[in-house]
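Fold and geometry: a report
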Amino acid sequence: MLPPPSPYAAFLRQEGEPAPAAATGEELLLVPPLNFAMVDHGVYRSGFPDVSNLPFLESLRLRSVLCLCPEPYPEANLEFLRAHGIRLFQFGIDGSKEPFVNIPEDRIREALKVILDVRNHPVLIHCKRGKHRTGCVVGCLRKLQCWCLTSIFDEYQRFAAAKTRVSDLRFMELFDISSIKHLPASFTC
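Model, not experiment: these values are computed from the prediction. (Residues numbered from 1 in each chain as written. Predicted model: local features only at pLDDT ≥ 70, side-chain atom pairs only at ≥ 80, totals over all residues. Heavy atoms only, no water.)

Quick look at the pattern of salt bridges now. Scanning all chains against the criterion turns up 5 salt bridges. Across the salt bridge formed by Arg 82 and Glu 75, the nearest N and O atoms sit 2.6 Å from each other. Taking the shortest distance from any N to any O, the salt bridge between Glu 155 and Arg 142 comes out at 2.9 Å. Linking Glu 155 in helix 6 (residues 149-160) with Arg 142 in helix 5 (residues 132-144), this pair joins segments that are 13 residues apart in sequence. With relative accessibility at 8%, the residue Glu 155 sits in the buried group. (Salt bridge = Lys/Arg side-chain N within 4 Å of Asp/Glu carboxyl O. Helix = DSSP H or I, 4+ residues; strand = E, 2+ residues; numbered from the N terminus. Buried < 20%, exposed > 50% of the residue type's maximum accessible area, 1.4 Å probe, protein only.)

Here it is in C-alpha cells:
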C-alpha cells in the first residue's frame, strides 16, 4: 500500500500539473531544510539545505538563494543551483557567539536589497541553522514591513529558542531602515 501523499504536495503543485510521483507508484519525498518557513509571498527562510532537501527546494521554483555563511558553497548545492538556473547571493557573516558578535550592518543592507528586489523571487534566505543570521535579516525586513518590536522578537525567538542572543535583538532594535528604499507593493506593511 502506498503512503499518503505529502501534505506539501498539493500545496506546491501548480494548477494543471500532473499528480506527484507517489500517485504513479513512485514515492515522493519532500524534506524541507531545518527551520524552513515562509516569510512573505516569494520569500522563504531555512537552515543550510543539504542534498536530501534539494527535491523540496526544486518544488519551490526558486530564482535565488541568499546565503549568509562565509564558507564556500558546497559543490553539490552549486550544481543544483546551476542546473535549475538559480542565482546565488552570498553575504558572508561570521556566525560567532556572544559576547564577540559583530553583525555587519552593510551586509544586512545588501541582503535586504536582494530580498526587496522581486526579480529575485522566489528567494530562500539561509545560514547554518536558520536561527541567528537569518533571524537578524528577517527581523530587519520586518522593521521595513512596519512590524512592532515585540512581534519581531517573538518571531526571532521562535526559531532561536533557547539560543536567543541579546546582541541580535539589540541589533534589530537599533537597525536604521531609513536609508533603504520603500517596500515594493508585493510586500505587506
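Moving on: empty space enclosed by the protein. Enumeration over the complete set of coordinates arrives at 2 cavities of 30 Å³ or more. Within this model, the second largest cavity holds a volume of roughly 40 Å³. In terms of lining residues, the second largest cavity is bounded by Pro 49, Leu 54, Leu 57, Val 65, Tyr 73, Asn 77, Phe 80 and Leu 81. The set of elements that each furnish at least two residues to the lining of the second largest cavity consists of helix 2 (54-60) and helix 3 (75-83). With 3 residues, the single largest contributor to the lining of the second largest cavity is helix 3. In the lining of the second largest cavity, the residues fall into 7 nonpolar, 1 polar and no charged. (1 Å grid on protein atoms, 1.4 Å probe; cavity = no way out; pocket = protein on both sides within 12 Å on 5 of 7 lines; lining within 4 Å. Points joined across faces, edges and corners; volume = space filled by probe spheres on them. Nonpolar A, V, L, I, M, F, W, Y, C, P; charged D, E, K, R; others polar.)

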